[in-house]
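Working through the structure, step by step
Listed below are the residues making up each chain.
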Amino acid sequence: MGDLDTGWAVPTDFPETGWTPESIDQHLAQARAEIPAWNDPQQTRLGFAMAAPHPQAVRTLGDWSALNTNNVGVHTRFGEGKTGTRRLEKEALAALAGLYRAGALDGHLTSGASEATLAALRIARNLLRGAGHRVRVITSDLCHASVGKAAEILDLDLVRLPAGPTWTLTLDQVRQAAADAIAEDVTGIIVVATAGYYNSGFADPVDAIAAHLRDLAFQHPEKVRFFLHVDAAHGGFVFPFTAPDLPFDFRNPGVHSMAVDPHKAGLMPYSCGALLVRKGLLEHVTRIDPHTRIPDETVLGSRPGAMAAALWATLHTLGRTGYTTLATRCLEHRDQLAAAIQAADPDALLVPAPNAPVVSAAFSHPGGQLPPELCERYRLVPLTLPAPEKDGERRLFYHFYASASLTEPQITAFAGHLAGATAAARTAAARTAGPADGAGRSITSDVVADTRTHTDCFRHFVVHPEARRDPDVPGYSFHTFTQRRATDEQIQDIPFGQARAGGPLWVYAPDLKDPFANELFGVRTDHYFLEVLDRHQQQLSLVGAIHATILLPGTLRVLLNFESDGAFRSAEYKALGEHGADELQIFPDAITAKIGKHAAGFRRPRSDDYSFSIDTSAEITVRRTDGDGPPTVVTARHNADVLLPRRPHLRREQFRRFPNRFFDAEVDIEAGRAWTGAAYLPELLAPTPVGTVLAARSATAELCTVDGRITDAGLHLALTPLAEPRTDALELAATWDLGLRLHDALPRLDVQDPARLSIEQVVEFAESVHEVFTRTGLPAGLAIAGARP
Ligand SMILES: *Cc1c(COP(=O)(O)O)cnc(C)c1O
């Protein structure tokens with residue numbers, strides 16, 4: 001259940017005094033143990049271009065950090081960069097200018113290629129707009145995300161050309177896109193070409209593109225202007241050593257700027273990138289500091305001089321021969337990876353990058369997906385691309401990098417894991433392709449299909465994967481589920497007589513021959529459904545071992561939760577709005593109001609993992625304690641401003657761990673059971689960071705203020721909508737005795753050992769829960785934001 005503590009960053013106490021060296025070391029050692037070693041044979045970052053930095057780089061960076069020099073600004077011009085780390089930056093950039101066959105260059109170190117591309121496009125935008133052009137960026141759809149980010153920051157029109165079977169921009173594409181732009185009177189054209197796509201390792205035909213754009217510029221000087229930026233983040237420390245004649249750089253007079261990333265194949269630690277730009281262009285971004293009169297052309301401010309020293313030292317430690325030896329070994333490792341893939345799947349389509357240590361592969365089994373565990377272990381991210389030489393047939397490709405840190409034991413371990421995974425995928429495919437058994441059979445019964453429309457419980461359509469149903473298995477968690485379809489497990493149901501309140505009664509379970517052994521067993525009537533979880537599910541559940549949803553007409557929903565020993569745990573009353581619900585959760589000794597709660601389960605893309613998120617605008621809990629203490633605020637956090645448009649917490653790609661929780665405001669109050677009187681929320685909250693006005697986005701009242709009081713009788717909240725025209729406040733209120741009454745009145749069923757239960761016993765329990773709840777559970781003192789059964 002390791003997932004539970006990875007919620008979100010709530011404030012902790014700032015350390016009052018320094019920790020002891022021992023406790024500092026211990027804490028750091030724990031975090032360090034979470035990071036796999038570069039040579040760990042069990043975990044390799046094959047999907048990303050990452051490598052251990054060169055020891056000389058690490059040493060110099062460490063030593064020179066103590067000097068803490070600031071390389072703010074640009075040091076590549078005459079008279080500048082004369083001393084210290086500024087001189088070392090100028091010398092390192094001069095060495096790169098030599099590597100990339102430039103004349104004299106300007107440039108500066110950056111935090112990485114993203115910043116370098118942003119800085120380059122800023123220069124291009126200013127110079128083109130300054131000359132009166134409408135500006136557009138043209139690039140490949142496969143470009144790195146940093147290009148789109150730069151265009152967004154700089155507010156530039158961006159055209160992404162679709163990737164064809166060459167996986168690169170083609171000259172024809174660029175020619176056409178430039179002609180289209182000019183026809184639309186967009187005459188300031190920025191082209192971003194890539195030398196070493198981060199996914200495939202391929203390089204655009206930079207020379208042909210540069211020559212064409214330069215021809216056009218000569219034909220229409222003044223009318224049309226082009227700026228060509230090369231993103232060589234990946235290729236910049238590869239191609240000069242694997243393919244010295246590949247003309248991707250400044251040897252083309254039409255190339256204006258380059259982004260390179262010494263922290264990728266250059267063996268520098270993060271964050272070390274560089275912008276290189278032809279002379280006379282940086283001045284388009286010069287800003288003079290009004291106070292110091294110092295000019296600056298960079299995007300950021302202060303920069304570490306130590307990084308310049310470390311880069312200079314690394315370039316001069318390795319030199320061309322050192323980098324060539326490394327790059328050659330990487331290409332050999334790439335070929336060993338390719339051989340391992342071929343051995344695991346002889347029919348895989350292999351696409352090694354020309355001159356770069358990346359091989360892409362599309363696997364031969366249907367769909368071509370690799371299992372999530374393998375992708376997690378090797379950090380693999382697939383991408384659908386047109387297969388080269390196959391006339392545009394789109395396949396799922398995985399990309400494998402041979403970084404300088406990859407070892408032969410790692411390649412051998414990967415070969416074994418991959419062979420197992422692809423063999424299993426082929427066997428599974430052969431099984432499903434076998435004779436159809438009971439064609440047209442539904443995944444679940446109609447009863448369950450109907451149940452599903454009334455519940456958020458996604459156990460109805462997903463199950464924990466076989467052999468991983470025991471919470472003691474390492475890695476077992478809330479979010480490892482597979483589709484029932486994949487395990488062939490359906491939910492079975494049978495009619496089980498008449499319900500006391502009328503209509504048929506059904507029971508359902510994945511396997512009715514062994515009804516309590518497998519995820520859940522359920523009882524369903526026209527009025528409710530109730531489910532008992534199996535032993536494993538009970539351990540994983542955050543809200544008890546039995547759940548019952550009472551079906552009521554209107555917009556009120558009620559969910560009852562019971563502990564495994566049979567005790568009532570909580571009743572959740574929900575007023576449904578268009579997005580989410582306003583809720584009152586009633587416990588025997590507490591009431592929690594959840595205003596604007598939105599819970600969603602998501603299948604993570606390209607995996608069988610599920611995760612979910614709970615995003616609540618305001619959560620207000622009042623807990624009763626011993627004694628007669630008046631209500632006191634234990635926690636009051638103001639996390640987000642509801643007056644600003646807020647995006648829902650984390651979008652689906654980002655759901656990784658359960659639980660993902662988010663609150664605009666959290667209030668936790670304690671009050672003594674023996675206390676009498678009334679306390680008002682604004683007064684209680686006035687001294688806290690929430691302040692006197694608690695605002696929330698309610699599911700039923702939209703943007704509203706939350707006012708209210710706590711009394712010896714219960715909690716009473718009023719939600720006043722802020723939209724015009726003003727309408728009446730909605731109430732969210734319950735009395736203390738409701739939880740106690742439910743606790744005392746509802747029947748109990750001990751389900752700690754589900755194997756000993758009988759269907760009859762659970763049906764009897766379910767029927768009496770429904771009966772008692774309808775009598776006790778909807779008292780007059782309950783108000784739920786306008787929802788009425
Ligand atoms: C890695 C990479 C980038 C981004 O570089 P950062 O150093 O992460 O800013 C940009 N383009 C390509 C092609 C890359 O491989």
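For the structure itself, look to the data block above.
Quick look at the structure, then. (Residues numbered from 1 in each chain as written. Predicted model: local features only at pLDDT ≥ 70, side-chain atom pairs only at ≥ 80, totals over all residues. Heavy atoms only, no water.)

With that settled, the discussion passes to the overall build of the protein. Across its full length, the protein carries 17 helices and 33 strands. Taking the principal axes of its C-alpha atoms as reference, the protein extends roughly 90 × 70 × 65 Å. Taking all 789 residues of the protein together, 51% fall into the buried category. Considering only residue pairs separated by 6 or more positions, the protein has 65% of its internal contacts joining residues 24 or more positions apart. Summed over all atoms, the accessible surface of the protein reaches about 35,800 Å², with 54% contributed by carbon and sulfur. (Helix = DSSP H or I, 4+ residues; strand = E, 2+ residues; numbered from the N terminus. Buried < 20%, exposed > 50% of the residue type's maximum accessible area, 1.4 Å probe, protein only. Contact = heavy atoms within 4.5 Å. Areas by Shrake-Rupley, 256 points an atom, 1.4 Å probe, with all protein chains shown as cover.)

Turning to the site of the ligand, a few remarks are in order. Around the ligand, the structure places 13 residues, and the nearest of them are Ser114, Asp231, Asp261, His263 and Lys264. Within the contact set of the ligand, an oxygen atom lies 2.6 Å away from a side-chain nitrogen or oxygen of Ser114. Here a nitrogen atom of the ligand and a side-chain polar atom of Asp231 are 2.6 Å apart. When the ligand sits alone it has 380 Å² of accessible area, and the protein chains cover 85% of it. A breakdown of the residues in the shell around the ligand according to their chemical character gives 3 nonpolar, 7 polar and 3 charged. (Near = heavy atom within 4 Å. Polar contact = N/O pair within 3.5 Å; in protein donor to acceptor, adjacent residues only side chain to side chain. Nonpolar A, V, L, I, M, F, W, Y, C, P; charged D, E, K, R; others polar.)

What follows deals with the sheet that holds strand β1 (residues 105-110). Strand pairing in a sheet is mediated by backbone hydrogen bonds. Such pairs are either parallel or antiparallel. With mixed pairing, the 7 strands of this open sheet are ordered in space as β1-β7-β6-β5-β4-β2-β3. The sheet terminates laterally at β1 and β3 (157-161), the two strands that pair on one side only. Each strand of the sheet is rotated relative to its neighbour by a mean of 20°, with strand direction disregarded. Alignment of strand β2 (residues 135-140) against β3, held across 5 bridges, turns out to be parallel. Bridge pairing links Thr139 to Arg160 in β3. On top of the sheet, helix α4 (residues 113-130) reaches β1, β2, β4 (188-194), β5 (225-232), β6 (257-260) and β7 (273-278); it is set at about 175° to β5, its chief contact. Against the sheet, helix α6 (residues 171-183) makes contact with β2, β3, β4 and β5, and its axis sits at roughly 160° relative to β4, the strand it touches most. (Pairing = 2+ DSSP bridges. Axes fitted to C-alpha atoms, helices over the stretch in contact; angles between N-to-C directions.)

This part is about the packing of aromatic side chains. Throughout the structure, instances matching the rule amount to 12 aromatic pairs. Look at Tyr573 and Phe773: their rings are 6.2 Å apart centre to centre, the planes differ by 35°, and that puts the pair in the tilted class. Here Tyr573 is found in strand β22 (residues 568-576), whereas its partner Phe773 is found in helix α17 (residues 759-776), with 200 residues between them in sequence. No difference in accessibility class separates Tyr573 from Phe773, as the two residues are buried. Taken together, Tyr100, Phe239 and Phe248 form an aromatic cluster joined through their ring pairs. Against the face of Trp38 rests Arg45, its NZ or CZ located 4.3 Å from the ring centre. (Phe/Tyr/Trp six-rings, centres within 6.5 Å; stacked < 30°, edge-to-face > 60°. Lys NZ or Arg CZ within 6 Å of the ring centre and 35° of its normal.)

Take the sheet that holds strand β12 (residues 383-386) next. Strand order across the open sheet formed by 4 strands is β10-β11-β13-β12, with antiparallel pairing between neighbours. The sheet terminates laterally at β10 (349-352) and β12, the two strands that pair on one side only. In this sheet, adjacent strand axes meet at a mean angle of 40° when their direction is disregarded. Of the pairings in the sheet, the one linking β10 to strand β11 (residues 358-362) comprises 4 bridges and is antiparallel in character. The partner of Val351 across the bridge, within β11, is Ser360. On the sheet, helix α9 (residues 305-344) packs against β10, β11 and β13 (394-401) and is oriented at approximately 15° with respect to β11.

Another aspect to go through is the pattern of salt bridges. Taken as a whole and assessed by the stated rule, the structure comprises 27 salt bridges. Arg77 is the partner of Glu297 in a salt bridge, and the nearest nitrogen-oxygen pair spans 2.8 Å. Of the two residues, Glu297 sits in the loop between β9 (295-296) and α9 while Arg77 sits in the loop between α2 (55-65) and α3 (84-99), which places them 220 residues apart along the sequence. Judged by relative accessible area, which is 15%, Arg77 ranks as buried. A salt bridge links Lys264 to Asp261, with the nearest nitrogen and oxygen atoms 3.5 Å apart. (Salt bridge = Lys/Arg side-chain N within 4 Å of Asp/Glu carboxyl O.)

Another point: the packing of α4 against helix α5 (residues 145-153). Taken N-terminus to C-terminus, the directions of α4 and α5 make an angle of 40°; their axes are 9 Å apart at the nearest point. By the angle between their directions, the pair α4 and α5 is classed as oblique. α4 and α5 meet at a crossing whose hand is right-handed. Facing α4, whose interface residues are Ser114, Thr117, Leu118 and Leu121, α5 presents Ser146, Val147, Ala150 and Ile153. (Parallel < 35°, antiparallel > 145°, perpendicular 65-115°, else oblique. Left-handed = near helix turned anticlockwise from the far one by under 90°.)

Note the cis peptide between Tyr270 and Ser271, where omega equals 0°. Looking at where Ser271 falls in the secondary structure, it is placed in the loop between β6 and β7. Geometrically, the link from Glu724 to Pro725 is a cis peptide bond, its omega value of -10° lying close to zero. Inspection of the secondary structure assignment puts Pro725 in the loop between β31 (714-721) and β32 (730-735).

Bringing the packing of α3 against α9 into the picture now. Direction vectors running N to C along α3 and α9 enclose 40°, while the axes themselves pass 8 Å from each other. By the angle between their directions, the pair α3 and α9 is classed as oblique. The two elements α3 and α9 cross, and the hand of that crossing is left-handed. Across from Thr85, Leu88, Glu89, Glu91, Ala92, Ala95, Leu96 and Leu99 in α3, the residues of α9 making contact are Gly305, Ala306, Ala308, Ala309, Leu311, Trp312, Leu315 and Arg320. Each residue belonging to the contact of α3 with α9 can be placed in one class, and the counts come to 11 nonpolar, 2 polar and 3 charged.

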